[in-house]
Amino acid sequence: MLAQKKKSDTTETKIQEVVLVGGVKLDPAVKLGSYSVVSKSNFESTPVASVDEVLNGRVAGLTFSTSGGDPGASNMITIRGVGSLIGTPNPLYVIDGVIVGKGSDSSQVMESWNPLASIDPNTIEKVAVLKDASATALYGARGANGVIVITTKRGKFNQKTRFNFSSDLSVQNIAYDKQKYMNASEFLQWGGMMYVNSGLATDLQDGISKFSFNQDYDGHTNENWQKAVQRNNSTVNTYNFSATGGGENTSFRIGGSYYENEPLVLNSKFNRISISTAIDHRITDKLNINYIGNFTNVERNTYDDGGAYRNPWLTNWYIAPIYPVYDKFGNYNQENLGRGNENANFNPVAIQNMDFMTGSIKTFVSSLSAEWQVAKGLYLNSLYGVQYQALDEKKYWDPRIGDGLSYGGYILESRTSTFDWNWNTSLSYRKIFNDVHDFQVYLGTEYQEHKYYAFGTQVDHLSKPIPYIAFATNYLQPWEDRLKWTQISYYSRLNYTYNGKYNLAGQIRRDGNSTLGNTKFGNFWSVAGSWSIAKESFIPESINDLTLRANYGELGNIPYADQWGPQYNAYALVSPTGLYANDAATTIATPGNDLLKWEVSKQYNIGLDFGFLNNNISGSVDVYQRKTTDAIYSLVTAATSGGPGSYFKNIGTILNKGVEATMTFKPFNKEFKWIIDANFAYNRNTVEDLIQPSYIGLDGGTGNNMRAVAQGHLLAEYYTYAWAGVDKATGAGLFYTDDTRTATTTNRLEAKRVWQGKSPFPKYTGGIKSEFRYKNWALSAFFTGQFEYSVHNRWQGYVLSDGSAVNNQTTDALYDSWTPDNPNATNPKQLLNNPANASGPSSRWMRDGDHIRLKEARLSYSFGKMFKEAVGIDNLTVYVRGVNLWLYTFDKNLTFDPESNSNAGGSGWVGKGLYDYTSPLMRSMSFGISVDF
């Protein structure tokens with residue numbers, strides 16, 4: 001049993017009980033481990049699409065990044081670092097006892113889909129973030145990366161029906177984007193300078209003239225392509241209604257909400273309708289049942305991201321400002337969009353207006369549970385939970401533009417469904433002897449089953465430009481995929497408390513998982529103890545809380561199980577294929593590894609909770625270590641084997657060490673209140689051992705081969721060529737030849753890669769919230785920060801190409817590149833078709849991600865019962881709120897948001913800290929009301 005650290009009333013001041021599997025509770029009166037609780041006030045009427053975004057900065061040791069501001073895009077959350085080399089590092093999510101996975105993307109057509117975006121944040125009562133083995137061991141093989149337990153709102157017994165209506169209107173724009181792209185005049189000057197530097201022009205004016213002619217400039221266009229594909233503003237509207245009440249034996253809550261988001265990009269949208277129901281019924285004094293159901297329907301219009309030419313955010317650089325959106329006849333310009341670029345017919349305005357990518361997602365999460373008091377102190381608890389999600393996706397390319405021209409029109413439709421269910425049953429017994437010995441024991445079993453079905457069809461060569469398959473004249477290869485995996489578990493837990501001061505707990509769980517090789521079962525356990533020092537007679541009364549905690553546990557993990565696709569990678573599989581002259585053949589699809597076994601996460605945590613002066617000063621400090629042994633990785637096979645290219649194998653050890661601290665300080669706590677909540681965390685994430693000590697696994701082309709996995713180094717540490725600056729005499733780009741950083745070369749390929757000592761995962765994170773309350777007024781400001789990490793732009797070699805790519809550039813290429821008159825410039829000499837390779841991946845691309853962000857500011861006023869007699873309103877609250885209002889970066893050269901993430905590498909660490917021209921994070925200004933009656 002764990003106790004939540006005390007926090008302010010705004011984030012979570014009241015210590016709350018958290019229910020885990022099978023009725024096992026984390027009792028706040030018995031403090032054993034480390035977890036944090038975030039209250040409902042942080043989730044209500046938020047302008048974000050997904051609940052995981054709200055946790056950013058509010059929980060010590062939790063690091064958040066997103067693959068884009070496009071609502072519904074996938075996110076990455078790590079708790080106490082990354083514990084696996086493959087798969088998602090996300091924690092396990094549990095909603096009202098239903099195991100809903102790790103937020104893994106299951107889309108077939110959309111670039112990404114975050115299943116957690118289907119959860120209405122307004123239904124949430126609280127979220128508990130479980131961090132150490134004492135809590136997460138009960139979730140066994142899926143809890144090694146931490147567990148996020150979401151509890152939704154419920155009714156109250158013996159309460160008349162109460163209603164609440166709330167609404168929030170937000171206006172959004174880009175939170176942080178310092179990339180300054182050239183206008184037409186600057187682009188032509190840059191081109192002219194390249195011609196002069198390359199000896200193709202006598203002076204700048206001659207160079208501009210020749211460059212203009214060769215680029216088919218019409219002499220007057222100065223287009224802002226990024227503005228052309230955007231609305232003036234993004235807007236978010238939320239509407240919520242609920243009814244709550246109950247009688248002597250039955251309580252209920254029903255609620256509904258509508259969330260409407262119109263993002264910046266033309267014709268994109270994210271609309272969500274949610275309905276929730278919670279019913280608790282006491283059949284007898286000894287038997288009660290509970291039902292919770294949540295249904296959502298999301299309608300989403302989205303677009304390609306990353307390096308796709310149809311990505312509207314790429315228009316900053318892949319189309320120069322000298323080309324117009326429309327031709328002289330008012331039609332979309334398709335013919336003159338840049339000579340030499342691979343963007344013929346890719347007019348992004350036409351693509352946004354004529355093509356589309358849609359998703360309709362229906363999600364149902366429900367649990368039915370019962371608790372029966374069999375005898376005094378003996379309880380039987382059973383819970384059945386289901387999650388069903390159906391995705392209906394469609395992509396249409398008009399035959400008159402973009403990709404559709406090559407295919408004569410193209411349609412792709414897919415149907416995907418996932419069905420997860422778990423059944424957990426436990427028996428618990430509690431007995432207190434002589435008022436000092438408190439024993440509690442649990443025995444339980446759990447079964448989980450996960451099914452996935454995907455079907456898709458695609459056609460091209462449409463007879464008419466109409467987005468229906470019936471108009472196709474050519475049918476392409478369809479596909480179908482059916483996957484399933486299961487897990488069965490047995491667990492027990494023993495708690496003992498002596499005299500209310502000394503606490504011990506132990507738990508063991510045996511898990512069997514179908515995705516592993518011959519050894520499918522593993523035994524996992526934890527032990528914990530705590531001493532409530534404040535209850536000792538020698539402690540002065542001014543000390544309200546002083547508790548020393550310690551625990552150790554070994555938990556199993558399968559990093560790929562929650563991602564659809566590799567469920568059968570432990571087995572050797574064959575599949576049909578086509579060879580020369582369409583002769584059929586069967587090849588090895590997966591080599592398999594029947595020795596594939598559990599990763600084991602060995603964790604310890606030592607913590608101290610404290611509270612002084614009526615808890616006006618309170619907090620906690622935790623020191624932890626998490627070591628993952630037998631870490632699974634995708635090893636590359638020899639090229640001579642003929643394929644497949646890789647297989648899963650247990651290869652090494654990953655180590656996370658860290659410190660976390662939280663503190664609440666109340667300088668004033670009377671009619672005028674000032675409450676300060678702060679959290680801080682340090683984590684060092686390293687690869688300790690590999691079975692091949694000299695092995696260096698680069699992150700692949702997706703991450704520009706800039707980061708790697710290697711023994712003795714930070715996980716995902718940057719391993720790339722070391723940039724040495726610009727030769728002041730010649731303007732050539734220089735690279736250090738090796739890690740001694742003494743000799744230099746102008747040819748990047750003649751240099752050696754160098755470990756940079758930085759990874760995309762911050763070593764230090766923190767958050768601080770200051771709130772003032774006076775009578776009916778409340779004012780708060782919440783700051784977050786991440787420090788000691790690096791990020792980079794995946795397409796840096798195009799936006800600052802030194803002339804190797806003749807597309808639009810950032811203005812640095814013109815104003816801060818070497819010329820005889822500017823020998824101290826940051827960037828090399830600009831040359832047409834630059835042969836120097838200086839723009840290739842190197843530490844020149846790296847940027848410090850260190851930043852401080854004003855995550856949220858809020859001013860509210862509550863009228864209380866002012867309108868009670870006149871109109872029957874119990875309370876009316878109005879507020880204004882800003883989200884992502886301000887960002888300070890310590891690196892003056894960082895031009896993109898340092899919390900960006902790419903989904904191009906799947907949900908693994910490869911996408912972390914990689915700016916990929918996905919939708920940027922948004923700044924929101926909101927006005928809202930909440931009415932209770």
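Model, not experiment: these values are computed from the prediction.

Caption draft 1: Focus on the packing of aromatic side chains. Going through the model one piece at a time under the given rule, you end up with 47 aromatic pairs. The interplanar angle of 55 degrees and the centroid separation of 5.5 Å between the aromatic rings of Trp525 and Tyr552 together place this pair among those described as tilted. One end of the pair, Trp525, is in strand β22 (residues 521–532); the other, Tyr552, is in strand β23 (residues 543–557), with 27 residues separating them in the sequence. Through a chain of ring-to-ring contacts, three or more aromatic side chains come together here, namely Trp317, Trp795, Tyr798, Phe896, Tyr915 and Tyr917. Above the ring of Tyr879, the side-chain terminus of Arg858 is found at 4.3 Å from the ring centroid.

Caption draft 2: Quick peek at the sheet that holds strand β9 (residues 147–152). If you walk across this open sheet you meet the five strands as β3-β8-β9-β6-β7, and the pairing is mixed. The open sheet terminates on both sides in strands that have one partner only, identified here as β3 (35–39) and β7 (98–101). On average, each strand axis in the sheet is tilted by 20 degrees relative to the strand beside it, whichever way the strands run. With three bridges connecting them, strand β6 (residues 92–95) and β7 associate as antiparallel partners. Following the sheet pairing, Ile95 is matched in β7 by Val98.

Caption draft 3: How the structure looks around the confidence of the model for the chain. Model confidence for the chain is summarised by a mean pLDDT of 90, while 94% of its residues fall at 70 or above. Taken together, the stretch residues 1–15 has pLDDT below 50 and engages in 78 contacts with residues farther than four places along the chain or on a different chain.

Caption draft 4: Focus on the side chain of Thr486. Topologically, Thr486 is positioned in strand β20 (residues 479–498). In this view, Thr486 contacts Tyr447, Gln448, Glu449, Gly512, Asn513 and Ser514; residues no more than four positions away in its chain are not counted.

Caption draft 5: Fine view of the sheet that holds strand β44 (residues 914–915). The three strands lie next to each other as β41-β40-β44, forming an open sheet whose pairing is mixed. The two strands at the open ends of the sheet, each matched to only one other strand, are β41 (847–848) and β44. Relative to β44, strand β40 (residues 790–793) runs parallel, the two being bridged by two bridges. Residue pairing in the sheet places His792 in a bridge with Leu914 of β44.

Basis of the calculations
Residues numbered from 1 in each chain as written. Predicted model: local features only at pLDDT ≥ 70, side-chain atom pairs only at ≥ 80, totals over all residues. Heavy atoms only, no water. Phe/Tyr/Trp six-rings, centres within 6.5 Å; stacked < 30°, edge-to-face > 60°. Helix = DSSP H or I, 4+ residues; strand = E, 2+ residues; numbered from the N terminus. Lys NZ or Arg CZ within 6 Å of the ring centre and 35° of its normal. Pairing = 2+ DSSP bridges. Axes fitted to C-alpha atoms, helices over the stretch in contact; angles between N-to-C directions. pLDDT = per-residue confidence, 0-100. Contact = heavy atoms within 4.5 Å.

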